[in-house]
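Here are the chains, one letter per residue:
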Amino acid sequence: MSPQRRSLRLWSGAVTAALALSFAGAGQASAADVNNAKNAGFESGLTNWTCTASSGTTVSSPVHGGASALKATPAGQDNAKCTQTVAVKANSTYTLSAWVQGGYSYLGVTGTGTTDVSTWTPDSASWKQLSTTFTTGASTTSVTVYTHGWYGQAAYYADDVSVFGPDGGGGTDPAPTVPATPGGLAVSGTSSSSVSLAWNAVSGATGYNVYRSGTKVAAVTGTSATVTGLAAQTSYSFQVTATNSAGESAKSAAVTGTTTATPTGPALPRHAVTGYWQNFNNGATVQRISAVQSQYDIIAVAFADATTTPGAVTFNLDSAGLGGYTVDQFKADVAAKRAAGKKVIISIGGEKGTITVNDSSSATNFANSVYSLMQTYGFDGVDIDLENGLNATYMTQALRSLSSKAGSSLIITMAPQTIDMQSTSNSYFQTALNIKDILTVVNMQYYNSGSMLGCDGKVYSQGSVDFLTALACIQLEGGLAPSQVGLGLPASTSGAGSGYVSPTVVNNALDCLTQGTGCGSFKPSKTYPDLRGAMTWSTNWDASAGNAWSNAVGAHVHALP
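None of these values were measured; they are calculated from a predicted model.

Asker: Would you take a moment to explain the nonpolar core for this structure?
Answerer: Among the nonpolar cores identified, the biggest contains 96 residues, and Trp 277, Phe 330, Ile 346, Ile 348, Phe 366, Val 382 and Ile 384 are the most heavily contacted of them. For this core, the element with the highest residue contribution is helix H6 (residues 465-477), accounting for 9 residues. Core analysis: the next-biggest nonpolar cluster, separate from the first, contains 26 residues, Ala 40, Val 86, Leu 96 and Leu 107 among them.

Take a look at the structure:
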């Protein structure tokens, strides 16, 4: 090696060392950074922690990671402050963080030698991470880290505290090891589409994975999980593993869970009334599901929302627009209506609906997401109200897939526009015929429509008995069963831009179709005693008009022979 090459290597090594010292002095994160907090996850009780007025204790639930967490309860003039003195390095930057839940929660640090910092959050129903940074002074060798709640507020929980930065020399918690395999896995409950599992906590675990027949289907932080989307009366094998930053345990011993039969519930009446319930405030009476008039047999919740996944839908309750109506209250009201023999379904689409099902993947996404909403909210089925067109092939696939999941009790309704049902070659009409064996009712919208052809080839204008009966005749003679045909009308003049008719006109049309009486100039060649009934937009506009529509039409429908 030449002297010149040797001197270059020496110079290069000196520069590298100088750069390393420069970065270390600036307090930058490095591979040597550690969590300087001790007993950061409260796995050793309150060791290394001090809580004012005996306000703190450790609990096994809820926990963010491991098997324990801090619970501290403010009382009187005490804010439940828990502290730890942490060794740190001078002139260094640290990230202070912790996971909190429950009442008002504060996280902070004092004695930094520079600027002491803190952060906080109001009540939180689930785990939330608080995080801030601080820099130590030139002579700072320790700081005091604290959590506290607020006077007179609920208890708060804290877990997995971290003071991450250069090693202060005070020692750290032992590095985690791969957790042990969970024990005690058992089936804690079943339904026609789900199996609930529970198992024993594993020390050092921060989460658990649930496997069905060897495939991971869920990841949770607690010691229980419910696996949904299962077929009725089917047995499944489940295992669970424990996880943390060091890795994943071996799978537990398997348990078998068997789903129950699909509940059938009360049958839909021979003649039924459908009403759309508005999940928004547009000037009509704001209702909770519990306030929907008892004349309605099918309540269509309007509407589901599109997601970024093609074909998939979700449901977002407009709590703010509905006066603080909560999801739990909504679910309870749906359950109460169902217990009273009503059917509550989720409607897809509407005037502004943008859901598209145009291939096998989106059809699968549609079926899976609708079924998930049924499981979450207790819906009995789905209403198809896609006013921007649909693909008969793939909507048929989607609805048949949904039927295979939900079983024979599934309610499927459709609300096409008049133009959609002029011919059996139309995609809406095709879809209805494709699923005739699982279809409940088609409630065509006899409003917001221009003039249309009746089944006799004549042109009829909306707003008359003839418009209702002559257009319904197309469906009745085009392949749908009478029990699958309903008349859809607005509940008041405010419910649609045009096409409102009085309840008397609706009732006359029902009598004309079922009994041959009350007809206008058009009289069907035969009667259809099994005609399903009527639908309205909406229960809210009906309520705004004193429930005049449902009191008149509802009573008439239910009195049909």
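Asker: What should I look at first to understand the side chain of Thr 243 in this one?
Answerer: Structurally, Thr 243 is set in strand S17 (residues 235-244). When its relative accessible area of 17% is taken as the criterion, Thr 243 is described as buried. With near-sequence residues (within four places) excluded, Thr 243 lies in contact with Pro 179, Ala 205, Thr 206, Gly 207, Tyr 208, Asn 209 and Glu 248.

Asker: I keep staring at the packing of helix H7 (residues 503-515) against helix H9 (residues 548-559) and nothing clicks. Help me out?
Answerer: The axes of two packed helices give the description: the angle between them and the distance between them. Remark: H7 packs on H9, axes separated minimally by 9 Å, with the N-to-C direction vectors making an angle of 15°. Judged by the angle between their axes, H7 and H9 are roughly parallel. Of the two possible hands of crossing, H7 and H9 adopt the one that is right-handed. Residues Pro 503, Val 506, Asn 507, Leu 510 and Asp 511 of H7 form the contact with H9, whose own contacting residues are Ala 548, Trp 549, Ala 552, Val 553, His 556 and Val 557. Considering only residue class, the contact of H7 with H9 consists of 8 nonpolar, 2 polar and 1 charged.

Asker: Help me understand the sheet that holds strand S13 (residues 195-198) in this model?
Answerer: Pairing between the strands of a sheet is mediated by backbone hydrogen bonds and can be parallel or antiparallel. Spatially, S12-S13-S16 is the arrangement adopted by the 3 strands of the open sheet, whose pairing is antiparallel. Because the sheet does not close on itself, it has two edges, and the strands there are strand S12 (186-190) and strand S16 (224-227). Put simply, the sheet's adjacent strands are angled 25° from each other on average, direction ignored. Where S12 and S13 come together, 4 bridges link them in antiparallel fashion. Bridge pairing links Gly 189 to Ser 196 in S13.

Asker: For this particular structure, what's the right way to read the packing of aromatic side chains?
Answerer: Aromatic ring pairs are defined here through the distance separating the ring centres and the angle between the ring planes. Applying the stated rule across the entire model yields 22 aromatic pairs. On the numbers, 5.6 Å between centres and 15° between planes, the contact of Tyr 106 with Trp 120 is stacked. Placement of the pair is Tyr 106 in strand S7 (residues 105-110) and Trp 120 in strand S8 (residues 117-121), with a sequence separation of 14 residues. Between Tyr 325 and Phe 330, the aromatic rings sit 6.0 Å apart at their centres with planes inclined by 75°, giving edge-to-face as the arrangement. With a relative accessible area of 0%, Tyr 325 lands in the buried category.

Asker: Help me out: how do you make sense of the pattern of salt bridges in this one?
Answerer: Note on pairing: side chains with opposite charge can pair once their charged atoms come close. Per the counting criterion, the structure on display carries 4 salt bridges. Asp 297 is the partner of Lys 342 in a salt bridge, and the nearest nitrogen-oxygen pair spans 3.9 Å. With Lys 342 in the loop between helix H2 (327-339) and strand S24 (343-350) and Asp 297 in the loop between strand S20 (272-278) and strand S21 (298-302), this pair connects stretches of sequence that are 45 residues apart. Among the residues examined, Lys 342 registers a relative accessible area of 14% and is labelled buried.

Asker: Explanation requested: the state of the cysteines in the structure shown.
Answerer: One covalent bond between the sulfur atoms of two cysteine residues makes up a disulfide. Taken as a whole and judged by the stated rule, the model has 3 disulfides. Paired by a disulfide, Cys 455 and Cys 473 hold their sulfur atoms 2.1 Å apart. Between Cys 455 and Cys 473 the sulfur-sulfur dihedral comes to about 90°; the bridge is accordingly right-handed. Of the two residues, Cys 455 is situated in the loop between strand S28 (452-453) and strand S29 (459-460) and Cys 473 in helix H6; the sequence distance between them amounts to 18 residues. On the basis of relative accessible area, Cys 455 is assigned to the partly exposed category, the value being 35%. Cys 473 gets classed as buried once you look at its relative accessible area, which sits at 5%.

Asker: Could you clarify how one ought to interpret the environment of Ala 138 in this entry?
Answerer: Along the chain, Ala 138 falls in the loop between strand S9 (124-135) and strand S10 (142-148). The class for Ala 138 is exposed, based on a relative accessible area of 63%. As a C-alpha pair, Ala 138 and Thr 308 span 170 residues in sequence and 51 Å in three-dimensional space.

Asker: Where do I start with the packing of helix H4 (residues 392-406) against helix H5 (residues 427-434) in this structure?
Answerer: Contact geometry for H4 and H5: axes closest at 9 Å, N-to-C directions at 35°. Along this stretch, H4 crosses H5, giving a crossing that reads as right-handed. Here Ala 392, Met 395, Thr 396, Leu 399 and Arg 400 of H4 come into contact with H5, specifically with Ser 427, Gln 430, Thr 431 and Asn 434. Its residues placed into classes, the contact of H4 with H5 shows 3 nonpolar, 5 polar and 1 charged.

Asker: I tried to follow the environment of Asp 123 on my own but got confused; where do I start?
Answerer: If you trace the backbone, Asp 123 turns up in the loop between S8 and S9. Its relative accessible area of 51% is what places Asp 123 among the exposed residues. Along the backbone, Asp 123 and Gly 149 are 26 residues apart, and their C-alpha atoms lie at a distance of 10.0 Å. Once residues within four sequence positions are removed from consideration, Asp 123 is found in contact with Gly 102, Gly 103 and Tyr 104.

Asker: What am I meant to see in the confidence of the model for the chain here?
Answerer: A low pLDDT score tells you not to read the predicted coordinates there in detail. The predicted model of the chain averages 90 in pLDDT, with 93% of residues at 70 or higher. Low pLDDT, under 50, characterises residues 1-29; the predicted model gives this stretch 9 contacts beyond four residues in sequence or across chains.

Basis of the calculations
Residues numbered from 1 in each chain as written. Predicted model: local features only at pLDDT ≥ 70, side-chain atom pairs only at ≥ 80, totals over all residues. Heavy atoms only, no water. Core = buried A, V, L, I, M, F, W, Y, C linked by side-chain atoms within 4.5 Å. Buried < 20%, exposed > 50% of the residue type's maximum accessible area, 1.4 Å probe, protein only. Helix = DSSP H or I, 4+ residues; strand = E, 2+ residues; numbered from the N terminus. Contact = heavy atoms within 4.5 Å. Axes fitted to C-alpha atoms, helices over the stretch in contact; angles between N-to-C directions. Parallel < 35°, antiparallel > 145°, perpendicular 65-115°, else oblique. Left-handed = near helix turned anticlockwise from the far one by under 90°. Nonpolar A, V, L, I, M, F, W, Y, C, P; charged D, E, K, R; others polar. Pairing = 2+ DSSP bridges. Phe/Tyr/Trp six-rings, centres within 6.5 Å; stacked < 30°, edge-to-face > 60°. Salt bridge = Lys/Arg side-chain N within 4 Å of Asp/Glu carboxyl O. Disulfide = S-S within 2.5 Å. pLDDT = per-residue confidence, 0-100.

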